[in-house]
Amino acid sequence: MPAISFFTESVRYNLPQKLKVKKWIKATIEKEGFELQELNFIFCSDEYLLGINQQYLNHDTYTDIITFDNSDVEKQIVSDIFISIERVKENAKTFKINEFDEVCRIMIHGTLHLLGYKDKGKAAKTLMTQKEDEYLSYRSLVELI
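Residue numbers restart at each chain and count upward from 1, following the sequence in its written direction. Whole-chain, interface and lining totals are the exception, using all residues; otherwise, since this is a predicted model, local features are given only for residues with pLDDT of at least 70 and side-chain atom pairs are given and counted only at 80 or more. Side-chain descriptors were evaluated using all non-hydrogen atoms of the structure, hydrogens and water having been removed beforehand.

Overview of the nonpolar core
Nonpolar side chains in soluble globular proteins generally cluster together in the buried interior. As a reminder of what qualifies: Side-chain atoms within 4.5 Å are what join buried Ala, Val, Leu, Ile, Met, Phe, Trp, Tyr and Cys residues into a set we call a nonpolar core. Relative accessibility decides the category of a residue: with a 1.4 Å probe and only protein chains considered, values under 20% of the type maximum give buried, values over 50% give exposed, and everything between is partly exposed. Here a strand is any run of E in DSSP of at least two residues, a helix any run of H or I of at least four, and the numbering for each starts at the N terminus. A contact between two residues is defined here by any heavy atoms of the two lying within 4.5 Å.
Among the nonpolar cores identified, the biggest contains 34 residues, and Trp-24, Ile-25, Leu-39, Phe-41, Phe-43, Ile-83 and Met-107 are the most heavily contacted of them. Those elements giving two or more residues to this core turn out to be strand 1 (3-9), helix 1 (18-31), strand 2 (35-44), strand 4 (76-84), helix 3 (85-95), helix 4 (99-114) and helix 5 (122-138). What Phe-41 contacts, discounting residues up to four positions off in sequence, is Ile-4, Ser-5, Phe-6, Phe-7, Ile-25, Ile-81, Ile-83, Met-107 and Thr-111. With six residues, the next largest nonpolar core counts Cys-44, Leu-49, Ile-52 and Ile-66 among its residues.

Next up, the structure:
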């Protein structure tokens, strides 16, 4: 049974509108021609995500998100996406947007990576940003589906 789940590690965080977010992410995946199997969003601290970045990616830097694609079957989504809530809060202040909108942007960014979108290089980054904006605006339509 397809599932989107939310967990926390080393932080206290309660994602608002969980059911709506699940419907939105699932609709995005399906709109891109993929099938959802299992998608876990793990909200964590900067230090927790730094440890993952060091251990698995050999990067010694803070980041807002790390996406692990665990799928063995093409066009199926099986993944763990780790998100630093501290980075989300800082990004929201920097970009002068509310935290919920920023966490949604980060969540859809990780999901888009699973759907094959990249963000290395100017053209890829531009397309990723366009897709983020497209699917962020799609949130309000989800309840109509």
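Don't stop here, the text continues.
A few points about the side chain of Thr-111
As for its placement among the helices and strands, Thr-111 is situated in helix 4. Sequence-distant contacts of Thr-111, that is, excluding residues within four places in its chain, are made with Ile-25, Ile-29, Leu-39, Phe-41 and Ile-81.

Some points on the sheet that holds strand 1
Put simply, the rule is: Between any two strands, pairing holds if DSSP finds at least two bridges. Convention adopted: a line fitted to C-alpha atoms gives each axis, helices being fitted over their contacting stretch, and angles between N-to-C directions are expressed from 0 to 180 degrees.
Strands sit in the order 1-2-4-3 across an open sheet of four strands; the sheet is mixed. Two strands in the sheet have a free side with no partner beyond their single neighbour: strand 1 and strand 3 (65-69). If you compare each strand with its neighbour and ignore which way they point, the axes differ by 15° on average. Where strand 3 and strand 4 come together, five bridges link them in antiparallel fashion. Bridged to Asp-69 within strand 4 is Ser-79. Across the sheet, helix 3 is in contact with strand 2 and strand 4; its angle to strand 4 comes to roughly 70°.

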